[in-house]
Amino acid sequence: MADIKRIDFCIECRKDTEYILKKIMQKRTVKDKEYEYETLAAYCSKCGNEMNVPGLLDYALKAFDEQYRRQEDIISIDDIKKLMDLYHLGKAPLSLALGFGEITVTRYLEGQMPTKAYSDIMKEALSSPGYMEELLIANAEKLGNSTYKKSMKAVSNLKDLFNISDEMRMAIAHVFNEVQEITPLALQKMLYFIQGIHLALFNEELFKEDCRAWIHGPAYREIYNIFKDFKYNPIEDNRFSLFTVRNKELSPDGKKVIGLVSDCFGIYSGKVLESVTHKEKPWRDARIGLNETEPSNRIIPKAIMKAYFKDMAMHYDIDTEEGLSQYIRDKAGFTEVR
Ligand SMILES: [Zn+2]
């Protein structure tokens, strides 16, 4: 860790000295519960005495606040801002729409800690436009007509956009966790591989959506719609939060496959993954009779994907990193990877 060097008055040395900031763990007890969090402390570089330096207290407070929210599953201030942005509501209208007092959200944005119950309402609203819609309808008369309409419009757009299964949402959220940066093109191919390998290993689909044999390889129409404005850039957006499904988890099998595919395929660009799928039977067969640039919405049947990846499993250990990595190296035409 690179320590930042600064100058301040050391009471031991009785003069201005250079000090070093170090990460330290601190504990704080609230209502008989202990919270351990990482913060910074300043030490004199001459005598080693711990120094009182401006700004450190604020830093510690913020670090504790974050740790407390993590441990107690309380919504972050950033996520409350996302809520305003997603549903096109200012602080006061959002507060009213959620069924809170008019200035409650304003206080939260200033740092006040929400109760667990209020935090749960906000978290649910953040991951579910349908839930937000219920809240808006229930609190409609507290909101101005134009505010209400504007927010309902945002809800309906998000509902159209996120018309995907919970399993697909959780799968994408898990891919985002595993892979640092991902473009829409790469995400599409990863979902295809995840579904195919899941079908081959466990004889059942991970999510119900059907894959299409598009020009640039297998693609999910629903996912295209969600991410089309990102084009070839890495995905980064407030709408990320809508992939979180509260109180529901992916199966261990699903997590295992996503982990494997992310580790082995996630290092390749969308273009490389596309070229691999172009060599595979499911996409090729679905496009028989079409030329290279001919658009198509033909479905790649799950049964065909399953058969293909089961056959692949005869030649490669697809439930191991080594086997999957070897497969993609062979298909991408890389004999050596360093
Ligand atoms: Zn000193």
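Residues numbered from 1 in each chain as written. Predicted model: local features only at pLDDT ≥ 70, side-chain atom pairs only at ≥ 80, totals over all residues. Heavy atoms only, no water.

Right, let's get into the coordination of the zinc ion. The protein atoms that coordinate the zinc ion are C10 (SG), C13 (SG), C44 (SG) and C47 (SG), at distances of 2.2 to 2.4 Å. Taken together, the 4 donor atoms coordinating the zinc ion span angles of 103 to 114° at the metal, a pattern that classifies the geometry as tetrahedral. Motif for the zinc ion, donor spacing along one chain: C-x2-C-x30-C-x2-C. For C47, a relative accessible area of 41% gives the class partly exposed. (Donors = N, O, S within 2.8 Å, 3.2 Å for Na, K, Ca; no water. Tetrahedral: all angles 85-135°; square planar, octahedral: opposite > 155°, others 65-115°. Buried < 20%, exposed > 50% of the residue type's maximum accessible area, 1.4 Å probe, protein only.)

Moving on: the domain arrangement of the protein chain. How big an interface is tends to be stated in terms of the accessible area lost upon association of its parts. With domains assigned, the protein chain is organised as domain 1 (5–72), domain 2 (77–161) and domain 3 (166–332). On a C-alpha basis, the centres of domain 1 and domain 3 stand 46 Å from each other. (Domains from an automatic or database assignment.)

With a phi angle near 45°, K31 is a residue other than glycine that sits in the positive phi range. For K31, the location among the structural elements is in the loop between β2 (15–30) and β3 (33–44). Take K31: its relative accessible area is 79%, and that puts it in the exposed class. For N203, which is not glycine, the phi dihedral falls at a positive 60°. Tracing the backbone through its elements, the reader meets N203 in the loop between α9 (184–202) and β5 (211–214). (Helix = DSSP H or I, 4+ residues; strand = E, 2+ residues; numbered from the N terminus.)

With that settled, consider the pairing of β3. As paired strands, β2 and β3 are joined by 12 bridges and run antiparallel to one another. Residue Q26 lies in a different strand from β3, and its bridge partner there is Y37. Hairpin connection from β2 to β3: 2 residues lie between these consecutive antiparallel strands, with K31 at a positive phi of about 45°. In terms of strand pairing, β3 meets strand β4 (residues 50–51) through 2 bridges, oriented antiparallel. Across the sheet, A42 pairs through a bridge with M51, a residue of β4. In textbook terms, the turn of a hairpin is the stretch between consecutive antiparallel strands, and for β3 and β4 this stretch comprises 5 residues, one of which, G48, has a positive phi near 80°. (Pairing = 2+ DSSP bridges.)

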